[in-house]
Amino acid sequence: MASEMQNSNPIILNAADLPTRLPKAPQKPYAYGTDVFSSTLQSLGQSGDSFTLISHPDSEEDNDMSDEPIDEQEIFDLVSTISDPEHPISLGSLAVVSLADIMIKPSLPHVPGSPLRTVTVLITPTITHCSLATVIGLGVRVRLEQSLPPRFRVDVRIKEGTHSTADEVNKQLGDKERVAAALENGTLMGVIAKMLETCQ
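Computed from a predicted model, the values in this text were never measured in an experiment. (Residues numbered from 1 in each chain as written. Predicted model: local features only at pLDDT ≥ 70, side-chain atom pairs only at ≥ 80, totals over all residues. Heavy atoms only, no water.)

**Let's talk about the pattern of salt bridges**
Then, number 1: Across all of its chains, the model carries five salt bridges by this definition.
Then, number 2: With a shortest N-O distance of 3.2 Å, Asp101 and Lys159 are connected by a salt bridge. Here Lys159 lies in the loop between strand 3 (152–158) and helix 4 (166–174) and Asp101 lies in the loop between helix 2 (72–79) and strand 1 (102–106), a separation of 58 residues in the sequence.
Then, number 3: For Asp101, a relative accessible area of 9% corresponds to the buried category.
Then, number 4: Residue Arg178 pairs with Asp175 through a salt bridge whose shortest N-O separation is 3.8 Å. (Salt bridge = Lys/Arg side-chain N within 4 Å of Asp/Glu carboxyl O. Helix = DSSP H or I, 4+ residues; strand = E, 2+ residues; numbered from the N terminus. Buried < 20%, exposed > 50% of the residue type's maximum accessible area, 1.4 Å probe, protein only.)

**Some thoughts on helix 2**
The α-helix winds at 3.6 residues per turn, so residues separated by three or four positions along the chain end up facing the same way.
Then, number 1: In terms of burial, helix 2 is largely enclosed, as six of its eight residues are buried.
Then, number 2: Within the sequence span of helix 2, burial applies to Gln73, Ile75, Phe76, Asp77, Leu78 and Val79.
Then, number 3: Those residues of helix 2 hidden inside the fold are in contact with strand 1, strand 2 (117–123) and helix 3 (133–147). (Contact = heavy atoms within 4.5 Å.)

**Overview of the nonpolar core**
Then, number 1: Ranked by internal contacts, the top residues of the largest apolar core, which has 42 residues, are Ile75, Val140, Leu144 and Leu148.
Then, number 2: For this core, the elements supplying multiple residues, two or more each, are helix 2, strand 1, strand 2, helix 3, strand 3, helix 4, helix 5 (176–183) and helix 6 (186–196).
Then, number 3: With seven residues, the top contributor of residues to this core is helix 3.
Then, number 4: Excluding anything up to four places from it in sequence, Leu148 contacts Ile70, Ile75, Leu78, Val119 and Val154. (Core = buried A, V, L, I, M, F, W, Y, C linked by side-chain atoms within 4.5 Å.)

**Observations regarding the side chain of Asp84**
Then, number 1: By the secondary structure assignment, Asp84 is in the loop between helix 2 and strand 1.
Then, number 2: We note that Asp84 is buried and unpaired, the nearest opposite charge coming from Lys194 at a distance of 13 Å.
Then, number 3: Among the polar contacts made by the side chain of Asp84, one reaches the main-chain amide nitrogen of His87 at a distance of 2.9 Å.
Then, number 4: Ignoring any residue separated from it by four or fewer positions in sequence, one finds Asp84 in contact with Ile89, Leu91, Leu94 and Ile136. (Lys, Arg positive; Asp, Glu negative; His and termini not counted. Polar contact = N/O pair within 3.5 Å; in protein donor to acceptor, adjacent residues only side chain to side chain.)

**Describing the sheet that holds strand 3**
Then, number 1: The three strands are arranged 1-2-3 in an open sheet whose pairing can be described as mixed. Every interior strand has two partners, whereas the edge strands, strand 1 and strand 3, have only one. Taking each pair of neighbouring strands and ignoring which way they run, the sheet shows an average axis angle of 20°.
Then, number 2: Bridge count between strand 1 and strand 2: five bridges; the pairing is antiparallel. Following the sheet pairing, Met103 is matched in strand 2 by Thr120.
Then, number 3: Packing of helix 2 onto the sheet brings it into contact with strand 1 and strand 2, and relative to strand 1 it is tilted by some 130°. (Pairing = 2+ DSSP bridges. Axes fitted to C-alpha atoms, helices over the stretch in contact; angles between N-to-C directions.)

**What to know about the side chain of Ser83**
Then, number 1: By the secondary structure assignment, Ser83 is in the loop between helix 2 and strand 1.
Then, number 2: Ignoring any residue separated from it by four or fewer positions in sequence, one finds Ser83 in contact with Pro88, Ile89, Ser90, Leu91, Met195 and Thr198.

**Remarks on the confidence of the model for the chain**
Then, number 1: For the chain, per-residue confidence averages 80 on the pLDDT scale, and residues scoring 70 or more make up 70% of the total.
Then, number 2: Looking across the chain, the model is least confident in helix 1 (residues 38–46), with a mean pLDDT of 46, and most confident in strand 2, with 97.
Then, number 3: Within the model, the stretch residues 27–66 combines pLDDT values under 50 with 10 contacts to residues more than four positions away or in other chains. (pLDDT = per-residue confidence, 0-100.)

**Topic: the environment of Arg21**
Then, number 1: Topologically, Arg21 is positioned in the segment before helix 1.
Then, number 2: For Arg21 and Glu74, which are 53 residues apart along the polypeptide, the C-alpha to C-alpha distance reads 7.2 Å.
Then, number 3: Leaving out residues up to four positions away in the same chain, Arg21 has contacts with Asp71, Gln73, Glu74 and Asp77.

**Some points on the pairing of strand 2**
Then, number 1: Counting buried positions along strand 2 gives five out of seven residues, so the element sits mostly inside the fold.
Then, number 2: Both strand 2 and strand 3 contribute to a ladder of seven bridges, which runs parallel. Residue pairing for strand 3: Ile123 is matched across the bridge by Ile158.
Then, number 3: A crossover links strand 2 with its parallel partner strand 3, the connecting element being helix 3, and its sense is right-handed. (Right-handed = clockwise from strand over helix to strand, strands pointing away.)

Here you go:
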């Protein structure tokens, strides 16, 4: 790995502008007794009157989401929070991964009803000669393989025209034996573990 920073001034997107289905940070809970009506409400509560909150059916916290299929947005939510190995910034904020470059397709299109799916994530390095493109690709691959059910196949590639050695990097990322050998390297796994620390 390079000892000095390759791209000292990357373009950074505002994380709040990235598409997500992840829950927003919890809002500060209402502090009872801090507004104009608090004394009235408190006295009503003490006198035995009660207020019944009518809950909206869509607001239930325990909705069963397991029946919903995994889509591109969910994949983006999984990989966009991975930290760049060179900058303490997420891959989503650096536009290394984007929702438009994630595809989910049937792995066996000629077998109707097959649950097997292939998730393809195209990576756009911040510079065309980025030596960490393979490491970033491995980080994305590890994150998805750890997070997705086994019926999903993961295909991580460099987006065409965005890297000077994209063919070589794609060959490495697509070769299961090379990936397995790379993941046995303790130093490399340390870098990937550090990248995944920021995942939500």
